[in-house]
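Residues per chain are reported as follows:
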Amino acid sequence: MMSSARGGKGTSGEAERELHVLAVDDSSVDRAVIAKLLRSSKHRVTTVDSGKRALELLGLEPNVNMIITDYWMPEMTGYELLKKVKESSTLKEIPVVIMSSENVPNRINRCLEEGAEDFLLKPVRPSDVSRLCSRMMR
Amino acid sequence: MEYSNLRHRAADMRKSLFDQGYLDEQFYQLEELQDEVSPNFVEEVVTLFFRDSARLISNIEQTLIGASRVKNACTLCREYCDEKNLEGCLKLFHKLKREHAVLRQKLGSYFQLLRQVGPMEIATRPSM
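Rules behind the numbers
- Residues numbered from 1 in each chain as written.
- Chains lettered and ligands numbered in written order.
- Predicted model: local features only at pLDDT ≥ 70, side-chain atom pairs only at ≥ 80, totals over all residues.
- Heavy atoms only, no water.
- Contact = heavy atoms within 4.5 Å.
- Buried area = accessible area lost by both parts, 1.4 Å probe.
- Salt bridge = Lys/Arg side-chain N within 4 Å of Asp/Glu carboxyl O.
- Core = buried A, V, L, I, M, F, W, Y, C linked by side-chain atoms within 4.5 Å.
- Buried < 20%, exposed > 50% of the residue type's maximum accessible area, 1.4 Å probe, protein only.
- Helix = DSSP H or I, 4+ residues; strand = E, 2+ residues; numbered from the N terminus.
- Axes fitted to C-alpha atoms, helices over the stretch in contact; angles between N-to-C directions.
- Parallel < 35°, antiparallel > 145°, perpendicular 65-115°, else oblique.
- Left-handed = near helix turned anticlockwise from the far one by under 90°.
- Nonpolar A, V, L, I, M, F, W, Y, C, P; charged D, E, K, R; others polar.

**A few points about the interface of chain A and chain B**
Between chain A and chain B, the contact holds 11 residues from the first and 14 residues from the second. At the boundary of chain A with chain B, total buried surface from both sides reaches about 940 Å², with 63% on carbon and sulfur atoms. If you sort the residues of chain A by the area they bury against chain B, Ser28, Val29 and Lys36 of chain A come out on top, with a joint share of 50%. Counting across the interface, chain A meets chain B through 1 salt bridge.

Written out as structure tokens, the structure reads:
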């Protein structure tokens, strides 16, 4: 299942860069929340419910500026998705952020070592998202 | 007048959900996300929660191995979810977690004992 919507646009003349973020989470509640957080910061968000669908979308539309994914998902974890993205010559430059409701240092380190941009603990706060996005925009 | 009474009732209801521990800090964060662009955001997310949790509980029910207390708690919990009864659902959910933990401990002890006892005829129905 995929859904996509634009956040508000800046007024003409303002070159406010809008990120296209791909949010991956098997929980519909968490997808709704992360999408809302990102759209409130005026970014374009596409949500998918699995790593498999994320890769399908990335194959079709490489204009994604950031991937934010849940860690625990059935069939393909966020870590496995991260690895596939980093192993791909076309996708490896896309920053990948991992989210998890569990604070497990080994897990966090493993993800960062594999090339994750950041690791966010759920529930994700507006400040986490704005911090992340302002880093992406530099 | 009517409207102002309703608003008071709604505010009281909301406060009581927090006071009685049915809702916590995370719910505030959801409320803060609601705005003119998504004026029903909180209700939408709550609806998703009940839909998903009913399905997850139903999944647990299907994988049950004869765990009847857990199963009963699941059934009740799912009914509350279907009715969108937040209070009932959360109470039952806590009960479900407790039953799950207790069963885990009890079965853990049982299997530990079985390992010491070795193979034996166990497939007999307890007299009820």
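**Some words on the nonpolar core**
Ile34, Leu38 and Ile68 of chain A are the most contacted members of the largest nonpolar core, which has 30 residues in total. Elements that contribute at least two residues to this core include exactly strand E2 (20–24), helix H1 (28–40), strand E4 (66–70), strand E5 (96–100) and helix H5 (126–136) of chain A together with helix H2 (25–33) and helix H3 (41–62) of chain B. At 7 residues, H1 of chain A tops the list of elements feeding residues into this core. Here Ile68 of chain A is in contact with Val21, Leu22, Ala23, Val24, Ile34, Leu38, Val97, Met99, Leu120 and Leu132 of chain A, once residues within four sequence places are set aside. In terms of nonpolar packing, the next biggest core, distinct from the first, is built from 23 residues, Val48, Ala54, Val96 and Ala116 of chain A among them.

**Concerning the packing of helix H2 (residues 51–60) of chain A against helix H3 (residues 78–87) of chain A**
All names here are of chain A. Two numbers describe how H2 lies on H3: the axes approach to 10 Å, and their chain directions differ by 25°. Considering their axes alone, H2 and H3 lie roughly parallel with respect to each other. When you trace H2 past H3, the crossing you get is right-handed. For the pair H2 and H3, the contacting residues are Gly51, Ala54, Leu55 and Leu58 in the first and Leu81, Lys84 and Val85 in the second. Across the contact of H2 with H3, the residue classes tally to 5 nonpolar, 1 polar and 1 charged.

Structural measurements only, silent on function.
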